[in-house]
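Descriptive analysis of the structure
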Amino acid sequence: MHFIDSTNFERFLKKLSVDGELYVPVRDGETGKLHMERIELFPLPDNFCIDGLRTVEPLKAFAQPLRCPVADYPSTEGDDMSDDKPFPSVVVAGARGCDLTAMQLVDKVQTEGEFTDPFYKIRRDRMIVIGADCSECGESCFCNLHGAKPWPEKGCDVAVARIQGGYVAEAQSERGEKLIEENKDLFVDARDQQVKMRDEIRAKVVHELEENNKAYPKTAGLSEIVRDALGDGIWDDISARCVECGACTNICPTCYCFLLFDQKAGGSHFQRMFSWDSCQVTGYARMAAMANPRARLTDRVKHRYYHKYDYLPLSHGAVYCTGCGRCIDSCSASIDMRDALRKVKERSGGKKKA
Amino acid sequence: MKNPYYPIDTLVEDVITETPTIKTFCLAPSQPIKFKAGQFMQLTVPGCGEAPFTPSSSPSVSEKMEITILKTGKVTDALHALKPGAEVGLRGPFGKGYPMDKMEGKEVLVVGGGVGLAPLRSLIYALLENPKKYKRISIKYGARMPEELCFARMYDQWSKAAPNVDFSVTLDVPAPNWTGHVGLVTTLLDGLDLNLENSIAVSCGPEIMLKFVTLKLLEVGYKPPQIYLSMNRKMSCGMGKCGRCNVGHYYLCVDGPDMCYDKIKHVPNVFG
């Protein structure tokens, strides 16, 4: 376990920024929310904030940008990707536990199995991630319901926890160990007292999470309950207020769905584009001749829950929600996933009694 | 590393008009494409977009490929406007294809409707390549009217391919000069003379047809594990990454597009 004081931490980030684009969380003065901001000049801005809670933007955006070209056609290189210059190295500081877990879940989909998405893989390999503890629990945070902790359990290179005067830091990957080794003049061994300070903050946030979410069900065993509720009318109630904006899926750190589309680039040339897509909008699953297996809004809303809580546990071995709460914050109809799952669970409990 | 989104340059060598709305595109890809019957390709019309199709040609031929396409949307409209000499793109093959190994020694029932005979033709080529490997090959096909019969030139050839092969065709409604069977394709499944216990049924066609074929097969005595259906969902990446082609927890692009009914029978609205 290491300790790095605030001045040295800034030096550390500055050194990392030499090799890649550096993004850090900054606090918006008006909303109090954290956003990822690219840092090109030091010193860090006054509103730099690596405690608090997760940023508004999900971490996935660095590995899977909102929209990007994936093929220019025709091209003399054909399908050869050995010229991979367009992928910059990126250093993301301040990723929280919920985002780190989510990133590993998206990794499973995009890099495991018969095919690997090379665009994702290259971006992901070139991402250095500095994880950070949460020092607050947001109103919508519910990582604890998934049995997760509000700090980086794994999935980053170096994890830091803000305490008075600096950060308790530890490597979580070989690359992280190397980074600390290469910059060992900036780090000292953490004292027990410093680790204790970190642990006290951790205990405080865990307590806040428990208090904040005591009305809601833990997700362990929820997959079976969701599965059993497939034909239930409860989904009509849950979807009744949805306005199909797609914010919940776009801002979700585990939602990975995308669409490929071609745009003309003069003559017979075209560019194949990758773009995030949302299963909540009607065109997502619509085929030629307007055939659509999820033409009804209820079926689309239900699909989001089923994909996360039933299908992906079956196909990829995990619930694809990490409790970041962004879908709750972003929903213009105030639909709360925790509340929806509570309703499903209550209905299921009622059924079993009956 | 290879870019899986970049298509293989492909020349349209010939276009065969099958029906007023169905054309077969005879393609020559710039590099051979090995595929298994039932696997699908993503076909690009440059500047217009991509859509998934299962080849209708023999999987033993990898230098050329035929794809038979119904004019029904943006990409297929653009395809139907293409003339021989046009350039298109191909990605794939994707998916698992038909369970050929499970068919060996079995009585194989092939049920097609409309343009659904296109992917089945690839299977029929594969089956007829060595008919002795199978106990029976029984092909049932239905179309709405005479002008919508796909691959009519091949029916005679199929009927006479081998002693254990039979082919029957039906029209949904009577038509002038039609002396053959009239009724939905499900009516060809009444009084099936197959040993059902040793049979595998494969079907492709519009979803509504798949639904009633499945119900009929169950009614006559097939069990869900013996039924394979070519499912339709919107597809984009073909590699199980983009998320949209799910039926339950399966992605058709990697687990299908031909799915064993036993695996998907619990999925609500499975037939759309």
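Basis of the calculations
Residues numbered from 1 in each chain as written. Chains lettered and ligands numbered in written order. Predicted model: local features only at pLDDT ≥ 70, side-chain atom pairs only at ≥ 80, totals over all residues. Helix = DSSP H or I, 4+ residues; strand = E, 2+ residues; numbered from the N terminus. Buried ≥ 20, exposed ≤ 12 C-beta atoms within 10 Å, placed from the backbone. Contact = placed C-beta atoms within 7 Å. Rg over C-alpha atoms; globule rule 2.2 N^0.38 Å. Core = buried A, V, L, I, M, F, W, Y, C linked by C-beta atoms within 7 Å. Expected span 1.5 Å × (residues − 1). Arc of directions from axis to C-beta. Pairing = 2+ DSSP bridges. Axes fitted to C-alpha atoms, helices over the stretch in contact; angles between N-to-C directions. Nonpolar A, V, L, I, M, F, W, Y, C, P; charged D, E, K, R; others polar. Domains from an automatic or database assignment. pLDDT = per-residue confidence, 0-100. Right-handed = clockwise from strand over helix to strand, strands pointing away.

1. Points about the overall build of chain A
If you tally the helices and strands in chain A, you get 11 helices and 11 strands. C-alpha extents for chain A along the principal axes are approximately 65 × 65 × 40 Å. Counting only residues that meet the buried cut, chain A has 42% of its 354 residues in that class. Partitioning the contacts of chain A with sequence separation of at least 6, the portion at a separation of at least 24 is 73%.

2. Points about the overall build of chain B
Scanning chain B for helices and strands turns up 7 helices and 15 strands. Its C-alpha atoms give chain B a radius of gyration of 18 Å, near enough to 19 Å, the size a compact globule of 272 residues would have. Across its three principal axes, chain B shows a C-alpha extent of roughly 50 × 45 × 35 Å. Expressed as a percentage of its 272 residues, the buried residues of chain B come to 51%. Summarising the internal contacts of chain B: among those between residues at least 6 apart in sequence, 69% fall at separations of at least 24.

3. Regarding the nonpolar core
Among soluble globular proteins, nonpolar side chains are generally buried collectively. The biggest cluster of nonpolar side chains holds 165 residues, and the ones touching the most others in it are V92, V160 and A169 of chain A together with V108, V110, L123 and A201 of chain B. With residues up to four places along the chain from it excluded, the contact list for A169 of chain A reads H2, F3, I4, V158, A159, V160 and F187 of chain A.

4. A short note on helix 5 (residues 192–212) of chain A
Residue and element names in this part refer to chain A. Between its first and last C-alpha, helix 5 extends 30 Å over 21 residues, near the 30 Å set by a 1.5 Å rise per residue. Along helix 5, the residues classified as buried are Q194, R198, I201, V205 and L209. Seen from one end, helix 5 has its buried residues packed into an arc of 80°, which puts them on one side. Facing away from the buried side of helix 5 by over 90 degrees, the exposed positions are D192, Q193, K196, E200, A203, H207, E210 and E211. In this fold, the buried residues of helix 5 make contact with strand 1 (2–5), strand 7 (158–163) and strand 8 (166–171).

5. Here's the deal with the environment of P225 of chain B
All names here are of chain B. Along the chain, P225 falls in the loop between helix 5 (207–220) and strand 12 (227–230). For P225, a count of 13 C-beta atoms within 10 Å gives the class partly exposed. Sequence spacing of P225 and Y261 is 36 residues, and the spatial spacing of their C-alpha atoms is 6.3 Å. Among all residues touching P225, those that are not within four sequence positions of it are C260 and D262.

6. Considering the sheet that holds strand 5 (residues 65–70) of chain B
The pairing of strands in a sheet comes from backbone hydrogen bonds and takes either a parallel or an antiparallel form. All names here are of chain B. As summarised here, the arrangement of the 6 strands in space is 4-3-6-1-2-5, forming an open sheet in which the pairing is antiparallel. Every other strand in the sheet has two partners, leaving strand 4 (49–53) and strand 5 as the edge strands with one partner each. Strand-to-strand twist in this sheet, taken as the mean axis angle between neighbours without regard to direction, amounts to 40°. Two strands pair when backbone bridges link them, and strand 3 (residues 40–45) and strand 4 are joined in this way by 5 bridges, in the antiparallel orientation. Of the residues in strand 4, the one forming a bridge with Q42 is P52.

7. Here we look at the interface of chain A and chain B
Across the boundary between the two partners, chain A contributes 39 residues, which contact 34 residues of chain B. Of all the elements in the fold, those that place two or more residues in the side of chain A that touches chain B are strand 4 (67–73), helix 2 (97–111), strand 10 (258–264), strand 11 (270–276) and helix 9 (297–316) of chain A. Here the element with the most residues in the side of chain A that touches chain B is strand 10 of chain A; it accounts for 6 residues. For the side of chain A that touches chain B, the class distribution of residues is 24 nonpolar, 6 polar and 9 charged.

8. Some points on the domain arrangement of chain A
Residues and elements named next belong to chain A. The domains assigned to chain A are domain 1 (2–212) and domain 2 (222–353). Here the C-alpha centroids of domain 1 and domain 2 sit 26 Å apart. Between domain 1 and domain 2, the residue contacts involve 31 residues of the former and 26 residues of the latter. Elements supplying a minimum of two residues to the side of domain 1 that touches domain 2: strand 4 and helix 2. If one sorts the elements of the side of domain 1 that touches domain 2 by residue count, helix 2 sits on top with 9 residues. Here the side of domain 1 that touches domain 2 is built from residues that sort into 19 nonpolar, 6 polar and 6 charged.

9. Re the domain arrangement of chain B
All names here are of chain B. One can read the domain layout of chain B as domain 1 (8–93) and domain 2 (100–230). The partner domain 2 presents 14 residues to the 15 residues of domain 1 that form the contact. Here the side of domain 1 that touches domain 2 is composed, by residue class, of 6 nonpolar, 8 polar and 1 charged.

10. Re the confidence of the model for chain B
Scored by pLDDT, chain B has a mean of 95; 100% of the residues are at 70 or more. Two summary scores accompany this predicted model of the complex, namely pTM at 0.94 and ipTM at 0.91.

11. A word on the sheet that holds strand 5 (residues 90–95) of chain A
Residues and elements named next belong to chain A. Pairing is mixed across the open sheet formed by 8 strands, whose spatial order is 3-2-5-6-7-8-1-9. Each of the sheet's edge strands pairs with one partner strand only, and the pair in question is strand 3 (34–39) and strand 9 (188–189). Across 6 bridges, the pairing between strand 7 and strand 8 is antiparallel. Considered in strand 8, the bridge of R162 is made with Y167.

12. A closer look at the pairing of strand 8 (residues 136–143) of chain B
Residues and elements named next belong to chain B. Within strand 8, 7 of the 8 residues are buried, leaving the element largely enclosed by the surrounding structure. As paired strands, strand 7 (residues 107–113) and strand 8 are joined by 7 bridges and run parallel to one another. Considered in strand 8, the bridge of G112 is made with Y141. Crossover handedness for the path strand 7 to helix 3 (residues 117–129) to strand 8: right-handed. Looking at chain direction, strand 8 and strand 9 (residues 165–171) are connected through 7 bridges and run parallel. Following the sheet pairing, I139 is matched in strand 9 by F167.

13. Topic: unusual backbone geometry
Here the residue pair Y73 of chain A and P74 of chain A is connected by a cis peptide bond, since its omega of -10° sits within 30 degrees of zero. Positionally, P74 of chain A belongs in the loop between strand 4 and strand 5. The omega torsion of the bond from G256 of chain B to P257 of chain B falls at 0°, within 30 degrees of zero and hence cis. Structurally, the position occupied by P257 of chain B is in the loop between helix 6 (252–255) and strand 15 (258–260). A positive phi angle, near 70°, is found at N177 of chain B, a position not held by glycine. Mapped onto the secondary structure, N177 of chain B falls in the loop between strand 9 and strand 10 (181–182).

14. Observations concerning the environment of S56 of chain B
All names here are of chain B. Residue position: S56 is located in the loop between strand 4 and strand 5. Taking the C-alpha atoms as reference points, S56 and Y125, 69 residues apart in sequence, are found 8.9 Å from one another. Excluding anything up to four places from it in sequence, S56 contacts T24, E66, I67, T68, A118, P119, R121 and S122.

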